[in-house]
Amino acid sequence: PPPTHEHPLPGRGAVTGFVDRCWSDVLLILEADGRIWHERRQQMVRDADRNIEALRAGYETVRMCWEHLAHDPDERREVRSAAPPLSGWGGRRLA
């Protein structure tokens, strides 16, 4: 099935927010990190906290650079072929 977009962060509620894409049936999260929001140390720590929160709920988080997914068609093709569950990404600006 396709992923849920902007899915509530799985976990016990210690850290809250939404994840970019979530495949609940296979406990997989995809986060597309852009430079604006993810290059500061404080945000990197928060991202790690989110990863740990999801891991405690049994989810694996895959983090990719937004620029690769949004602007590099070869990278998109490679990601989609290497990880079949990601084929449901197909969201905004990735086609």
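Notes on the structure follow.

1. What to know about the pattern of salt bridges
Move 1: This model, assessed by the stated rule, comprises three salt bridges.
Move 2: Between Arg63 and Glu31 there is a salt bridge, with the nearest N and O atoms lying 4.0 Å from each other. Here Glu31 lies in strand S3 (residues 28-33) and Arg63 lies in strand S4 (residues 60-65), a separation of 32 residues in the sequence.
Move 3: By relative accessible area, which is 5% here, Glu31 ends up buried.
Move 4: Note that Arg63 and Asp47 form a salt bridge whose closest N and O atoms lie 3.8 Å from each other. Placement of the pair is Arg63 in strand S4 and Asp47 in helix H2 (residues 41-56), with a sequence separation of 16 residues.
Move 5: Overall, the relative accessible area of 6% leaves Asp47 in the buried class.

2. Overview of the nonpolar core
Move 1: One finds Trp23, Leu28, Leu30, Ala32, Met64, Trp66, Leu69 and Ala70 forming the largest nonpolar core, which totals eight residues.
Move 2: Sorting the residues of this core by element identifies S3 and helix H3 (66-71) as the ones contributing at least two each.
Move 3: Grouped together as the second largest cluster of nonpolar side chains are seven residues, Val19, Cys22, Ile29 and Ala54 included.

3. Digging into the pairing of S3
Move 1: Taking burial as the measure, the six residues of S3 include six buried ones, the bulk of the element.
Move 2: The two faces of S3 match: Leu28, Leu30 and Ala32 on one face and Ile29, Glu31 and Asp33 on the other face are all buried.
Move 3: Sheet topology places strand S2 (residues 18-23) next to S3; three bridges connect them, and they run antiparallel. What sits directly across from Cys22, in S3, is Ile29.
Move 4: Hairpin connection from S2 to S3: four residues lie between these consecutive antiparallel strands, with Leu27 at a positive phi of about 55°.

4. As for the sheet that holds strand S1 (residues 4-8)
Move 1: Strand order in the open sheet made by the four strands is S1-S2-S3-S4, with mixed pairing throughout. Where the open sheet ends on each side, the last strands, each with one partner, are S1 and S4. Averaged over all pairs of adjacent strands, the angle between strand axes in this sheet comes to 40°, irrespective of strand direction.
Move 2: Sheet topology note: the S1/S2 ladder contains four bridges and is antiparallel. Across the sheet, the residue bridging to His7 is Val19, located in S2.
Move 3: Packed on one face of the sheet, H2 meets S2, S3 and S4 and runs near 150° to S4.

Cut-off values and rules
Residues numbered from 1 in each chain as written. Predicted model: local features only at pLDDT ≥ 70, side-chain atom pairs only at ≥ 80, totals over all residues. Heavy atoms only, no water. Salt bridge = Lys/Arg side-chain N within 4 Å of Asp/Glu carboxyl O. Helix = DSSP H or I, 4+ residues; strand = E, 2+ residues; numbered from the N terminus. Buried < 20%, exposed > 50% of the residue type's maximum accessible area, 1.4 Å probe, protein only. Core = buried A, V, L, I, M, F, W, Y, C linked by side-chain atoms within 4.5 Å. Pairing = 2+ DSSP bridges. Axes fitted to C-alpha atoms, helices over the stretch in contact; angles between N-to-C directions. Contact = heavy atoms within 4.5 Å.

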